[in-house]
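Below, each chain spelled out in residue letters.
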Amino acid sequence: MSKIKGQILVNTNRCKGCSLCIEACAKGVIALASKKVNVSGYPYIEAVNPDDCIGCASCAIVCPDGCITVYRKKMEG
């Protein structure tokens, strides 16, 4: 049986910390970075539970700034 594993890549300098992606993530993979801001002064999102990502891309779909890319990989086992 194979499972789908996901991984997100965030362009932190484009992220404005709107949190829409956090609400969209069913697995609790992402959160706002605590005490960190990007070059524009916005708190940005980061993967806090990356191993839980299933590659559904809900976060990327709702991101108004297009700063999330989701990769999917089939895992054997």
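Going by the structure above, here's the rest.
Reading the values: the criteria
- Sequence order sets the numbering: in each chain, residues are counted from 1 along the sequence as written.
- Local features in this predicted model are restricted to residues whose pLDDT is 70 or higher, and side-chain atom pairs enter the listing and the counts only when it is 80 or higher, whereas totals over whole chains, interfaces and linings include all residues.
- Hydrogens and water molecules were not included; the side-chain quantities draw on all heavy atoms of the structure.
- Patch membership needs two things, relative accessible area over 30% and no salt bridge, and members are linked within 9 Å if like-charged or within 5 Å if nonpolar (Val, Leu, Ile, Met, Phe, Trp, Tyr).
- Here the accessible surface of atoms and residues is derived via Shrake-Rupley with a 1.4 Å probe, and residues count as covered only by protein chains that are part of the display.
- Within this document, salt bridges are pairs made up of a side-chain nitrogen of Lys or Arg and a carboxyl oxygen of Asp or Glu, the two lying within 4 Å of each other.
- For each residue, the accessible area found with a 1.4 Å probe, counting protein chains only, is set against the maximum for its type, and the residue is called buried under 20%, exposed over 50%, and partly exposed in between.
- In this description, a nonpolar core means a group of buried Ala, Val, Leu, Ile, Met, Phe, Trp, Tyr and Cys residues linked to one another through side-chain atoms lying within 4.5 Å.
- Every residue pair with non-hydrogen atoms within 4.5 Å of one another is taken to be in contact.
- Numbering of helices and strands starts at the N terminus; helices are DSSP runs of H or I of at least 4 residues and strands are runs of E of at least 2.

*Asks:* Is there a simple way to explain a nonpolar patch on the surface in this structure?
*Replies:* Where nonpolar side chains cluster on the molecular surface, the patch consists of Leu20, Ile61 and Val62 and spans about 270 Å² of accessible area. For Ile61, a relative accessible area of 66% puts it in the exposed group.

*Asks:* What am I meant to see in the nonpolar core here?
*Replies:* Soluble globular proteins tend to pack their nonpolar side chains together in the buried interior. If you look at the biggest cluster of nonpolar residues, it comprises 15 residues, and the most contacted ones within it are Ile8, Cys21, Ile30, Ile45, Cys59 and Ile68. Look past the residues within four positions of Ile30 in its chain and what remains in contact with it is Ile8, Cys21, Ile22, Cys25, Ile45, Glu46, Ala47, Val48 and Cys59.

*Asks:* Can you help me understand the pattern of salt bridges in this one?
*Replies:* Any two side chains of opposite charge can pair, so long as their charged atoms come close to each other. What the rule picks out here adds up to three salt bridges. Between Lys16 and Asp65 there is a salt bridge, and its shortest N-O distance comes to 3.6 Å. Taken as a pair, Lys16 in the loop between strand S1 (2–10) and helix H1 (20–24) and Asp65 in the loop between helix H2 (58–62) and strand S4 (68–76) lie far apart in primary sequence, 49 residues in all. Here Glu46 ties to Lys36 by a salt bridge, and the two come within 3.2 Å at their closest N and O atoms. In this pair, Glu46 sits in strand S3 (residues 45–47) while Lys36 sits in the loop between strand S2 (30–32) and S3, placing the two residues ten residues apart along the sequence.

*Asks:* What is the right way to look at the side chain of Asn38 in this model?
*Replies:* Take Asn38: it is sitting in the loop between S2 and S3. Apart from the residues lying within four places of it in its own chain, the contact partners of Asn38 are Thr12, Asn13, Cys15 and Tyr44.

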